[in-house]
Amino acid sequence: KNEVEQSPQNLTAQEGEFITINCSYSVGISALHWLQQHPGGGIVSLFMLSSGKKKHGRLIATINIQEKHSSLHITASHPRDSAVYICAPREGGSEKLVFGKGTKLTVNP
Amino acid sequence: GAVVSQHPSWVICKSGTSVKIECRSLDFQATTMFWYRQFPKQSLMLMATSNEGSKATYEQGVEKDKFLINHASLTLSTLTVTSAHPEDSSFYICSARRGGMNTEAFFGQGTRLTVV
């Protein structure tokens, strides 16, 4: 069974701060998603990555397959970044995503 | 990114009635769609995997006769909660994949179901 651990569970930051959210998982995977869930519940897929690093605007995602670890970074954070960020690795050979419990980010103006 | 539309976004129904939730891929064909449930302050949990033209694959503990899934076309999957009970009240969300196993999944907006 793939155990997914995210840290921190809750994070409060001031606008402009650099944010890092970490994700560790326990089994081999084929890919990992970072998702953003807003208070209304809707989910947006931010990244899907299987190696290295991806960047989209102020968001950067990295993954180290050997260490079974991924990070999501937000540069120059803004109140509109306030949401729950979810790490969801996909086990190798499977279609299924396993979801972390999420990190609730609050960015204050 | 691709768009997945889910309808309705919220619904209130009486105990014992059935509720249908639709999940549509608007700008791509989805051979596989996934249905998840999320209880308050919990992770998303996969309920079933829906493949176009075949029976859905349900996760352990999910009653297939209670949660009916139909994936009749490449752009539409439906989840029907039959004989709803208050404990079925939850947030239901679908996702769709544009291609094979290693392609990105896109999520619908979710449906908040309240059974009274």
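Details of the structure are given in the entry above.
All values reported here derive from a predicted model rather than from experimental measurement.

A. Summary view of the overall build of chain B. Across its full length, chain B carries 0 helices and 11 strands. When its helices and strands are written in sequence order, chain B yields β-β-β-β-β-β-β-β-β-β-β. What you see for chain B is a C-alpha radius of gyration of 13 Å, in line with the 13 Å of a compact globule of 116 residues. Projected onto its principal axes, the C-alpha positions of chain B cover 40 × 25 × 25 Å. Taking all 116 residues of chain B together, 50% fall into the buried category.

B. Spotlight on the pattern of salt bridges. A full pass over the atoms with the stated rule returns 4 salt bridges over all chains. The residue B:E59 makes a salt bridge to A:K96 at a minimum N-O spacing of 3.2 Å. Taken together, the residues B:E59 in the loop between β6 (57–58) and β7 (67–73) and A:K96 in the loop between β9 (83–91) and β10 (103–108) connect one chain to another. Residue B:E59 is classed as buried on the basis of its relative accessible area, which comes to 18%. In this structure, the salt-bridge partner of B:D88 is B:K66, at a minimum N-O distance of 2.8 Å. With B:D88 in the loop between β8 (76–81) and β9 (90–97) and B:K66 in the loop between β6 and β7, this pair connects stretches of sequence that are 22 residues apart. Take B:K66: its relative accessible area is 12%, and that puts it in the buried class.

C. Layout of the interface of chain B and chain A. Chain B puts 21 residues into the contact, and the matching count from chain A is 20 residues. In total, about 1600 Å² of surface goes out of reach between chain B and chain A, with carbon and sulfur atoms giving 55% of it. Our count for the chain B to chain A interface comes out at 1 salt bridge. The interface formed by chain B and chain A holds 4 residue pairs in polar contact (both at pLDDT 80 or more) in total. Put simply, the parts of the chain that give the side of chain B that touches chain A at least two residues each are β4 (32–38), β5 (45–51), β9 and β10 (105–107) of chain B. With 4 residues, the single largest contributor to the side of chain B that touches chain A is β4(B). Considering only residue class, the side of chain B that touches chain A consists of 9 nonpolar, 8 polar and 4 charged.

D. Region of the structure containing the sheet that holds strand β1 (residues 4–7) of chain A. All names here are of chain A. Overall, antiparallel pairing links the 5 strands, which are arranged β1-β3-β8-β7-β6 in an open sheet. In this open sheet, the two strands that pair with only one neighbour each are β1 and β6 (52–56). If you compare each strand with its neighbour and ignore which way they point, the axes differ by 15 degrees on average. The pairing of strand β7 (residues 59–64) with strand β8 (residues 69–74) spans 6 bridges and is antiparallel. Its bridge partner lying in β8, L59 is registered against I74.

E. Broad picture of the nonpolar core. Within the largest apolar cluster, 26 residues are counted, with the highest numbers of intra-cluster contacts made by B:V4, B:F28, B:W35, B:F67, B:L79, B:Y92 and B:L113. Among the secondary structure elements, those contributing two or more residues to this core are β2 (10–13), β3 (19–25), β4, β5, β7, β8, β9 and β11 (111–115) of chain B. Membership of the second largest hydrophobic core comes to 22 residues, among which are A:I19, A:Y25, A:W34 and A:Y85.

F. Molecular detail of the state of the cysteines. Inspection of every chain in the model, using the stated rule, returns 2 disulfides over all chains. For A:C23, the disulfide goes to A:C87, at an S-S distance of 1.9 Å. Taking the sign of the S-S torsion, -60 degrees for the link of A:C23 and A:C87, the bridge is left-handed. Pair noted here: A:C23 is in strand β3 (residues 19–25) and A:C87 is in strand β9, with a separation of 64 residues, a long-range link. A:C87 shares its class with A:C23; the two are buried. Disulfide pairing is shown between B:C23 and B:C94; the S-S distance is 2.0 Å. Judged by the sign of its S-S torsion, about 80 degrees, the cystine formed by B:C23 and B:C94 is right-handed. Linking B:C23 in strand β3 with B:C94 in strand β9, this pair joins segments that are 71 residues apart in sequence. Considered together, B:C23 and B:C94 belong to a single accessibility category, that of buried residues.

Cut-off values and rules
- Residues numbered from 1 in each chain as written.
- Chains lettered and ligands numbered in written order.
- Predicted model: local features only at pLDDT ≥ 70, side-chain atom pairs only at ≥ 80, totals over all residues.
- Heavy atoms only, no water.
- Helix = DSSP H or I, 4+ residues; strand = E, 2+ residues; numbered from the N terminus.
- Rg over C-alpha atoms; globule rule 2.2 N^0.38 Å.
- Buried < 20%, exposed > 50% of the residue type's maximum accessible area, 1.4 Å probe, protein only.
- Salt bridge = Lys/Arg side-chain N within 4 Å of Asp/Glu carboxyl O.
- Contact = heavy atoms within 4.5 Å.
- Buried area = accessible area lost by both parts, 1.4 Å probe.
- Polar contact = N/O pair within 3.5 Å; in protein donor to acceptor, adjacent residues only side chain to side chain.
- Nonpolar A, V, L, I, M, F, W, Y, C, P; charged D, E, K, R; others polar.
- Pairing = 2+ DSSP bridges.
- Axes fitted to C-alpha atoms, helices over the stretch in contact; angles between N-to-C directions.
- Core = buried A, V, L, I, M, F, W, Y, C linked by side-chain atoms within 4.5 Å.
- Disulfide = S-S within 2.5 Å.

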